[in-house]
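Residues per chain, in single letters:
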Amino acid sequence: MRKVKWFLDASVRDPLLEDPLSFVSRIPNEYDRVIKALDLIGIEYKITKYRPFYIPGDRYEDFADGDCVICYGSTGFIKKVIDEKHNWFLMTPDVDKLNCSNYYNIYKKYMINKDYEILKFKDLLKEKDRIFDLFHDESRIFIRPDVNDKLFVGGLINYFDIESFFERVAMVDNDTFMVVSSPKRIKDEYRFFIIDGKISSGSKYREDGNPIRKEIDSDNVVNFAEAILMDVNPGISDIYVLD
């Protein structure tokens, strides 16, 4: 019987934990809990820190052929491990199911960004006038990658800054799909953990744009999430998060 080993991506650790003045730094972090549990049980693990853009040919060589490896980390990290085609017995999620293009249309009537379009990175600059005419608010649009591996952080782009935006993310492949939409003003953000189609737990994780950790104090929010689950089966996974 093969012993299971873990491969952890340190980039998922909450950056607020590094700030000793942040109240979040006093809350046990899931990443730290995993490491503590692995140490307690005596399971072998190795830690790396995923970089979204890495040198071609740069591979993870942390385990031997035939090792049984559980990967824990960001979507980009897991996708890189899968793409490298190691001779490991990997336990990983199907990361492609987390692409916006895979589930946006399923959730569309519930989404705040229901007015969206998905197009290739190279076409965004070519069609910028049409895109901005369609989606702009005060000459700004929202843009994010279709994939979930944080090629860059989604955000607002001004019409007059789009060329400089392209320069900043020049490492993105021209055929990478992007999601564009009109800007939205968001006050509160919530996250639910879904297991087998039901809410397991949840919290408020952002308020007025600031990261926080609070219990959900609104029945309306829970009822809305439950209504979505009763109506929609995204087919993503048995376990996923709903924001």
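Structural data are supplied above this passage.
Leu-124, Ile-143, Phe-152, Phe-165 and Val-180 are the most contacted members of the largest nonpolar core, which has 19 residues in total. Elements with a contribution of two residues or more to this core: helix H4 (121–126), helix H5 (128–135), strand S6 (140–145), helix H6 (162–168) and strand S8 (177–181). Excluding its chain neighbours within four sequence positions, the residues that come into contact with Leu-124 are Leu-119, Ile-131, Ile-143, Ile-162, Phe-166 and Val-180.

Further remarks concern unusual backbone geometry. Although it is not a glycine, Asp-196 sits at a positive phi angle of roughly 55°. Within the secondary structure, Asp-196 is located in the loop between strand S9 (188–195) and strand S10 (198–207). Of note in the backbone geometry, Asp-208 takes a positive phi value of approximately 55° without being a glycine.

Going through the model one piece at a time under the given rule, you end up with 19 salt bridges. For Glu-127, the salt bridge is made with Arg-130, and the minimal N-O distance between the two is 2.6 Å. Accessibility expressed as a relative area gives 28% for Glu-127, which makes it partly exposed. Salt-bridge contacts for Asp-243 lead to Arg-191; the nearest nitrogen and oxygen are separated by 2.7 Å. In this pair, Asp-243 is assigned in the segment after strand S12 (239–242) and Arg-191 in strand S9, connecting sequence segments 52 residues apart. Residue classification places Asp-243 among the exposed residues on the basis of a relative accessible area of 56%. Here Arg-191 falls in the partly exposed class, since its relative accessible area comes to 30%.

Looking now at helix H7 (residues 219–231). Here H7 spans 18 Å end to end across 13 residues, near enough to the 18 Å set by a 1.5 Å rise per residue. Buried residues in H7 make contact with helix H3 (100–107), S9, S10 and S12.

Each aromatic ring pair is characterised by the separation of its centres together with the angle its planes make. Here the structure, examined in full by the defined rule, presents 13 aromatic pairs. Look at Tyr-103 and Tyr-104: their rings are 5.5 Å apart centre to centre, the planes differ by 70°, and that puts the pair in the edge-to-face class. Note on Tyr-104: relative accessible area 8%, which makes it buried. Ring pairing ties together the aromatic residues Phe-7, Tyr-60, Phe-63 and Phe-77, which thus form one cluster. Residue placement shows Lys-128 over the ring face of Tyr-159; its charged tip is 4.8 Å from the ring centre. Directly above the aromatic system of Tyr-205 lies the positively charged group of Arg-191, at a separation of 4.5 Å from the ring centroid.

Here the focus is the sheet that holds strand S7 (residues 155–158). Spatially, the four strands line up as an open sheet ordered S5-S8-S6-S7, and their pairing is antiparallel. Looking at strand neighbours, the two that pair on one side only are strand S5 (116–120) and S7, the edges of this open sheet. When strand polarity is set aside, the average angle formed by the axes of neighbouring strands in this sheet is 35°. Strand direction decides the pairing type here: S6 and S7, joined by four bridges, are antiparallel. Across the sheet, residue Arg-140 finds its bridge partner in S7, namely Asn-158.

A few words on H3. Along H3, the residues classified as buried are Cys-100, Tyr-103, Tyr-104 and Tyr-107. Seen from one end, H3 has its buried residues packed into an arc of 120°, which puts them on one side. Elements in contact with the buried residues of H3: S5, S6, S8, H7 and S12.

With that out of the way, let us pick up the sheet that holds S9. Pairing is antiparallel across the open sheet formed by four strands, whose spatial order is S11-S10-S9-S12. Bordering the open sheet on either side are strand S11 (210–214) and S12, each of which pairs with just one other strand. Neighbour-to-neighbour, the strand axes of this sheet turn through a mean angle of 25°, independent of strand direction. Bridge analysis of S9 against S10 gives eight bridges, and the strand direction is antiparallel. Across the sheet, Phe-192 pairs through a bridge with Gly-202, a residue of S10.

Cut-off values and rules
- Residues numbered from 1 in each chain as written.
- Predicted model: local features only at pLDDT ≥ 70, side-chain atom pairs only at ≥ 80, totals over all residues.
- Heavy atoms only, no water.
- Core = buried A, V, L, I, M, F, W, Y, C linked by side-chain atoms within 4.5 Å.
- Buried < 20%, exposed > 50% of the residue type's maximum accessible area, 1.4 Å probe, protein only.
- Helix = DSSP H or I, 4+ residues; strand = E, 2+ residues; numbered from the N terminus.
- Contact = heavy atoms within 4.5 Å.
- Salt bridge = Lys/Arg side-chain N within 4 Å of Asp/Glu carboxyl O.
- Expected span 1.5 Å × (residues − 1).
- Phe/Tyr/Trp six-rings, centres within 6.5 Å; stacked < 30°, edge-to-face > 60°.
- Lys NZ or Arg CZ within 6 Å of the ring centre and 35° of its normal.
- Pairing = 2+ DSSP bridges.
- Axes fitted to C-alpha atoms, helices over the stretch in contact; angles between N-to-C directions.
- Arc of directions from axis to C-beta.

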